[in-house]
Amino acid sequence: MLSTLFYRVLLAIPTMLGVAVICFLLVQIAPGDPLVSVMPPDASESLRHSLMQAYGFDKPLPVQFLLWLWRALQGDLGLSVATGRPVISEVMTAVSYSLRLALLATSIGFLLGSLFGFVAGYFRNSAIDRIASVLSVFGVSVPHYWLGMLLVIVFCVKLAVLPATGGGPIGEPGWAWDWAHLQFMVLPAITLSVIPTGIIARTVRSQVADILSQEFIIGLRARGLSEFGVFLHVMKNAAPTALAVMGLQVGYLMGGSILVETVFSWPGTGLLLNTAIFQRDLPLLQGTIWVLALFFVLLNLLVDILQTALDPRIKRS
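The protein carries the name Binding-protein-dependent transport systems inner membrane component in an unreviewed UniProt entry, which gives Musicola paradisiaca as its organism. Quoted verbatim from the Sequence similarities (unreviewed entry) field of UniProt, the annotation for the protein is "Belongs to the binding-protein-dependent transport system permease family. OppBC subfamily."

In structure tokens:
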């Protein structure tokens, strides 16, 4: 167990370093001038040069990367070109909103996906299995932004029962776990949960069908074990895979919800990335991608540890 954990941590270090290099280079090679959002149209060359020095854009790329990485490891991601505020504070505020939304959406997707998957796996090749398969394919295939706009039309415009956009009531800073704030999460969480539901349902269905066809299940039933006991064994064997898929979905939703957060104006990392891209705000863009990548790597590490704790086969290996 400890050797496996140590090995996973060692693998995470070069992964994070590689992510830092890719993140820095991808943002640097993007077209456009990063200072266009803070310079007036008639800016002089001296003003441009002073701003380049202030943000460190006048140095060679390797030097820029090493300086950026050293500051990033100390928690300093620089200042936003567009707003002048510290990038780390803006990113962490957005991460807190995205994490709430991703956890809620993944929880909905895990519960519904596991339910559909177990039912379809137990009644494979039946009408229930085909219905669950159709629903899972629909969940994986439906465009996020289209579903979000459809939910806004139905529940906000037609029925007027839920707010359409925002991260909380107007004029109330911060977040509180009350209905006044939670109602803003309902529609974006449902929209984001559709794809995890489909992916987890297909994964669990495949796992359950494979486990039920194995010889130890036949042996358990031959020994007179109840169907509920067989179900517990199946669930225990399918849990590590389902947990791994769930953990990956949280990471994907943290960084892959740009369109959904833009549709609902949810103040998370997706909306922050969208703003940074259009404003050509390199420090904010780099900082957001870096934090999301670190979160994804650490989440994978946590999932590996939980899988090792749940699955004795991984412990023995």
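Caption draft 1: Inspection of the nonpolar core at higher detail. Ranked by internal contacts, the top residues of the largest apolar core, which has 44 residues, are Trp68, Val91, Trp266 and Trp290. The element contributing the most residues to this core is helix H4 (residues 87-122), with eight residues. Inspection of this core shows a minimum of three residues originating in each of domain 1 (1-74) and domain 2 (92-314). Other than its neighbours up to four places away in sequence, tryptophan 266 contacts Tyr97, Ser98, Leu101, Gly166, Gly167, Trp175, Phe184, Met185, Glu261 and Leu271. Of all hydrophobic cores here, the second largest spans 13 residues; its members include Phe118, Val204, Leu212 and Ala242.

Caption draft 2: View of the side chain of glutamate 90. By the element assignment, glutamate 90 lies in helix H4. Glutamate 90 gets classed as buried once you look at its relative accessible area, which sits at 15%. If sequence neighbours within four positions are ignored, glutamate 90 has contacts with Ser80, Thr83, Arg85, Leu272 and Leu284.

Caption draft 3: Representation of unusual backbone geometry within the structure. Residue alanine 160 is not a glycine yet carries a positive backbone phi of 55 degrees. Within the secondary structure, alanine 160 sits in the loop between helix H6 (144-158) and helix H7 (179-212). Classification of alanine 160 as exposed rests on a relative accessible area of 59%. Backbone geometry at serine 265 places phi at a positive 50 degrees, although glycine is not the residue there. With respect to the helices, strands and loops of the structure, serine 265 is situated in the loop between helix H10 (258-263) and helix H11 (269-279).

Caption draft 4: Highlighting a nonpolar patch on the surface. A grouping of Phe138, Tyr145, Trp146, Met149, Leu150, Ile153, Val154, Val157, Leu159, Val161 and Leu259 is seen on the molecular surface, where their side chains present a nonpolar patch of about 1,000 Å² in accessible area. Per-element tally for the nonpolar patch: the top contributor is H6, with seven residues. Overall, methionine 149 belongs to the partly exposed group, its relative accessible area being 40%.

Caption draft 5: Structural context of the packing of aromatic side chains. For the structure on display, the rule yields three aromatic pairs. Centre to centre, the rings of phenylalanine 65 and tryptophan 68 are 6.3 Å apart; their planes meet at 35 degrees, and the pair counts as tilted. Of this pair, phenylalanine 65 and tryptophan 68 both sit in helix H3 (residues 61-73), three residues apart, which is roughly one turn of that helix. The same class applies to phenylalanine 65 and to tryptophan 68, which are both buried.

Conventions we followed
Residues numbered from 1 in each chain as written. Predicted model: local features only at pLDDT ≥ 70, side-chain atom pairs only at ≥ 80, totals over all residues. Heavy atoms only, no water. UniProt positions renumbered as here; feature names shortened; annotations may be inferred. Core = buried A, V, L, I, M, F, W, Y, C linked by side-chain atoms within 4.5 Å. Buried < 20%, exposed > 50% of the residue type's maximum accessible area, 1.4 Å probe, protein only. Helix = DSSP H or I, 4+ residues; strand = E, 2+ residues; numbered from the N terminus. Domains from an automatic or database assignment. Contact = heavy atoms within 4.5 Å. Patch = residues over 30% accessible without salt bridge, like charges linked within 9 Å, V, L, I, M, F, W, Y side chains within 5 Å. Areas by Shrake-Rupley, 256 points an atom, 1.4 Å probe, with all protein chains shown as cover. Salt bridge = Lys/Arg side-chain N within 4 Å of Asp/Glu carboxyl O. Phe/Tyr/Trp six-rings, centres within 6.5 Å; stacked < 30°, edge-to-face > 60°.

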